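One-letter residues, chain by chain:
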Amino acid sequence: MAVGLGADVTIVDRSLPRLRELDQMWGGRAHTVYSTKHAIDELAPQADLIIGAVLVAGGSNP
């Protein structure tokens, strides 16, 4: 939804296959970044909004 509204969206994930899939899906309209502590430290202060979404199959929600 944010991409459709013209927002500058960055998706951070630890799965390279998923990041590649998202790159193809969004065609460059959303940025993808591999999740590291350094990446979060760099991106978080610049963000207007951070949405956390974690799914661990079979695990409890954090």
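About the thresholds
- Residues numbered from 1 in each chain as written.
- Predicted model: local features only at pLDDT ≥ 70, side-chain atom pairs only at ≥ 80, totals over all residues.
- Heavy atoms only, no water.
- Salt bridge = Lys/Arg side-chain N within 4 Å of Asp/Glu carboxyl O.
- Helix = DSSP H or I, 4+ residues; strand = E, 2+ residues; numbered from the N terminus.
- Buried < 20%, exposed > 50% of the residue type's maximum accessible area, 1.4 Å probe, protein only.

Caption draft 1: Geometry of the pattern of salt bridges. The full count for this structure, using the stated rule, is two salt bridges. Across the pair E21 and R18 runs a salt bridge whose closest N-O atoms are separated by 2.8 Å. Of this pair, E21 and R18 both sit in helix α1 (residues 16–26), three residues apart, roughly one helical turn. Accessibility expressed as a relative area gives 42% for E21, which makes it partly exposed. The partner of D41 in a salt bridge is K37, and the shortest N-O contact between them spans 2.9 Å. Separated by four residues within a single helix, D41 and K37 lie in helix α2 (residues 37–43), roughly one turn from each other. A relative accessible area of 62% means that K37 is categorised as exposed.

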